[in-house]
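Residues per chain, in single letters:
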Amino acid sequence: MDRFVIRGGVPLRGTVHISGAKNAALPCLAACLLTDEPVTLDNLPAVRDIKTTCHLLATLGVGLEDQGPAPGSAPSPVRRRLRVEAQKITSVEAPWELVRTMRASTLILGPLVARGGQARISMPGGCAIGARPIDLHLKGLEKLGAQISTEHGMVVARAGRLRGARIYFERITVTGTEDLMMAAVLADGETVLENAAREPEVEDLASLLTKMGARIEGAGTSTIRIQGVPRLGGAAHAVIPDRIEAGTFVIAAGITGGDLTIADCRAGHLLTVIEKCREVGLHIETPTPTSLRVSTDKPLQAADMTTEEYPGFATDMQAQYMALVTQAAGTSLLTETIFENRFLHALELARLGANIRVEGNRAVVRGPTPLSGAPMTASDLRASASLVLAGLAAQGETIVERVYHIDRGYEHIEEKLSALGADIRRVPA
Ligand code: EPU
């Protein structure tokens with residue numbers, strides 16, 4: 001297993017280009033199952049979860065052709081373009097080996113049932129950040145007319161043509177909204193999704209589906225109306241930039257006392273993160289709608305933060321924010337409302353000298369505390385990013401073990417950080 005070796009204390013300077021959003025690319029790839037015509041997706045990030053999804057699609061009989069970097073690519077991100085053609089679906093099963101490594105495999109459930117009336121998905125188990133059930137996906141599919149059963153650890157969904165329905169989500173779910181939106185586009189009649197997720201990734205998926213011929217209104221709001229159509233066709237679509245990667249670089253600038261330009265992002269998707277980081281004392285300008293300039297010219301101040309669904313502060317930025325406020329003067333109270341066990345990084349940060357007390361879904365961070373390098377073990381994707389950020393701010397050498405977690409969702413993060421002056425290298429296993 002690869003590890004990162006970091007020598008901290010270098011303020012990062014320069015320009016970083018943001019890659020395509022993993023969490024937008026995953027549902028867009030699943031949406032390709034809805035048509036037998038080719039769909040071309042641009043700006044796919046070169047991260048492991050995308051490779052895993054491509055592997056999953058290939059096992060279902062989907063043809064994938066890597067068309068290389070899109071024309072006009074900036075030098076840093078890879079911006080892959082892929083032609084996906086689900087002309088014939090030869091299997092309807094997502095096996096345990098794939099679901100185990102990537103829960104988002106469940107995103108093929110809605111499209112497979114809508115297209116061919118059948119799907120078999122290995123039931124995802126618990127995960128490092130929480131229980132993460134998929135009951136709301138399944139209840140929604142039942143409302144659309146599918147029959148759901150569980151056999152030998154597999155969820156089996158069967159249906160004739162799905163029928164539109166009103167579906168109220170008891171809890172806001174991002175992939176649940178995406179899964180049911182993909183099921184409803186080919187259903188007979190109108191589906192209304194209420195209390196739907198408003199994340200930009202949901203809107204991006206709706207934009208691809210609309211290009212494919214779907215009739216969707218209200219994506220990006222909590223009520224999404226879908227008029228089912230008999231079939232969808234091919235399309236071309238570039239996925240949105242990754243707002244979590246961009247937010248992580250905002251914090252990288254702040255925690256190292258650097259000065260970064262974050263290019264190829266959408267400032268409009270980062271408003272809550274920008275506002276919170278300004279409260280902590282970062283100087284953030286938005287010179288254009290697609291770039292940010294982040295610097296620090298004063299000591300950081302503590303600020304409380306509560307994670308919420310979009311447009312609130314993203315749970316996927318909580319770990320990185322925790323690293324930042326270890327360097328802020330005063331007490332910051334962090335409340336995690338989305339996942340029940342998403343503070344594993346706190347114990348690792350404490351090994352560097354951070355003063356953090358976790359009480360249930362709250363973490364109390366007292367700062368500033370000097371950080372000194374130490375070995376740490378990554379537990380999940382965003383936790384790993386927080387450990388890398390802390391390592392960049394720590395004196396001496398930090399080792400982050402199990403960086404395969406970070407490779408799931410950050411494209412060559414060590415190369416992007418090195419180009420900004422960081423002393424970080426990957427040591428292969
Ligand atoms: N939930 C249920 N039942 C369901 C679905 C969700 O109880 O059927 C609960 C979950 O257990 C959780 C809450 O609802 O407590 C919200 O979960 P959600 O379904 O929104 O999460 P997700 O769709 O599985 C996506 C992202 C996550 C991100 C969350 C929250 C993708 C592929 N994943 O997960 O991203 O943390 O939304 O914003 O879009 C990451 O990128 O590191 C990551 C974990």
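Residues numbered from 1 in each chain as written. Predicted model: local features only at pLDDT ≥ 70, side-chain atom pairs only at ≥ 80, totals over all residues. Heavy atoms only, no water.

Engineer: What is the right way to look at the nonpolar core in this model?
Structural biologist: Note that soluble globular proteins tend to have their nonpolar side chains buried in a common cluster. Ranked by size, the top nonpolar core spans 75 residues in total, and within it Leu 34, Met 181 and Leu 209 carry the most contacts. In terms of residue count, helix H1 (residues 22-31) provides more of this core than any other element does, seven residues in total. If we skip the residues at most four places from it in the chain, Leu 209 touches Ala 31, Leu 34, Met 181, Met 182, Val 185, Ala 214, Ile 216 and Leu 232. The next biggest cluster of nonpolar side chains, apart from the first, holds 69 residues, and it includes Val 16, Ala 314, Val 365 and Ile 424. (Core = buried A, V, L, I, M, F, W, Y, C linked by side-chain atoms within 4.5 Å. Buried < 20%, exposed > 50% of the residue type's maximum accessible area, 1.4 Å probe, protein only. Helix = DSSP H or I, 4+ residues; strand = E, 2+ residues; numbered from the N terminus. Contact = heavy atoms within 4.5 Å.)

Engineer: How should I be thinking about the environment of Gly 268 in this particular structure?
Structural biologist: Relative to the elements of secondary structure, Gly 268 occurs in the loop between strand S15 (259-263) and helix H9 (271-280). Gly 268 sits in the partly exposed class, given a relative accessible area of 43%. Sequence separation between Gly 268 and Ser 291 is 23 residues; the distance between their C-alpha atoms is 10.0 Å.

Engineer: Sorry, what's going on with the side chain of Asp 380 here?
Structural biologist: Among the secondary structure elements, Asp 380 is positioned in the loop between strand S22 (375-377) and helix H12 (381-393). Arg 342 is the oppositely charged side chain nearest to the buried, salt-bridge-free Asp 380, at an N-O distance of 4.2 Å. A polar atom in the side chain of Asp 380 sits 3.2 Å from the backbone nitrogen of Arg 382. A polar side-chain atom of Asp 380 sits 3.3 Å from the main-chain amide nitrogen of Ala 383. Once you skip the residues sitting within four places of it in the chain, Asp 380 turns out to touch Ala 128, Ile 129, Arg 342 and His 405. (Lys, Arg positive; Asp, Glu negative; His and termini not counted. Salt bridge = Lys/Arg side-chain N within 4 Å of Asp/Glu carboxyl O. Polar contact = N/O pair within 3.5 Å; in protein donor to acceptor, adjacent residues only side chain to side chain.)

Engineer: Got a minute to help me understand the pairing of strand S11 (residues 190-194) in this structure?
Structural biologist: It is a general feature of regular strands that their side chains alternate between the two faces of the sheet. For strand S10 (residues 166-168) and S11, the ladder comprises three bridges, and the chain directions are parallel. Along S11, the bridge assignment pairs Arg 166 with Val 192. In this view, the connection linking S10 to its parallel neighbour S11 by way of helix H6 (residues 174-184) has right-handed handedness. In this sheet, strand S13 (residues 223-227) lies alongside S11 in antiparallel orientation, the contact comprising five bridges. Looking across to S13, one finds that Glu 194 is bridged to Thr 223. (Pairing = 2+ DSSP bridges. Right-handed = clockwise from strand over helix to strand, strands pointing away.)

Engineer: Would you take a moment to explain the sheet that holds S22 for this structure?
Structural biologist: The strands making up a sheet associate through hydrogen bonds between their backbones, and the pairing can be parallel or antiparallel. Read across the sheet, four strands follow the order S22-S23-S1-S24 without closing on themselves; strand pairing throughout is mixed. Since the sheet does not close on itself, it has two edges, and those belong to S22 and strand S24 (423-427), each with one partner. Each neighbouring strand pair of the sheet contributes to a mean axis angle of 20 degrees, computed without reference to strand direction. Of the pairings in the sheet, the one linking strand S1 (residues 3-7) to S24 comprises five bridges and is antiparallel in character. Looking at S24, one finds that Arg 3 is bridged to Val 427. Each of S1, S22, strand S23 (397-401) and S24 is contacted by H12, which is oriented at about 25 degrees to S1, the strand it contacts most. (Axes fitted to C-alpha atoms, helices over the stretch in contact; angles between N-to-C directions.)

Engineer: What's the story with unusual backbone geometry in this structure? I'm lost.
Structural biologist: What you tend to see is this: most non-glycine residues have negative phi, and most peptide bonds are trans. Across the junction of Tyr 310 and Pro 311, the peptide omega takes the value 10 degrees, indicating a cis bond. Looking at the secondary structure, you find Pro 311 in the loop between strand S18 (305-306) and helix H10 (318-325). In this chain, Gly 367 is followed by Pro 368 through a cis amide linkage whose omega measures 0 degrees. Its location among the elements puts Pro 368 in the loop between strand S21 (362-367) and S22. Residues other than glycine seldom take positive phi values, yet Asn 43 does so here, at roughly 65 degrees. Among the secondary structure elements, Asn 43 is positioned in strand S3 (residues 38-44).

Engineer: Please clarify how the packing of aromatic side chains should be interpreted in this entry.
Structural biologist: Each pair of aromatic rings is reported with the distance of its centres and the angle of its planes. Counting across every chain of the model gives one aromatic pair. Plain terms: the ring middles of Phe 313 and Tyr 321 are 5.4 Å apart, the flat faces sit at 65 degrees to each other, and that makes the pair edge-to-face. (Phe/Tyr/Trp six-rings, centres within 6.5 Å; stacked < 30°, edge-to-face > 60°.)

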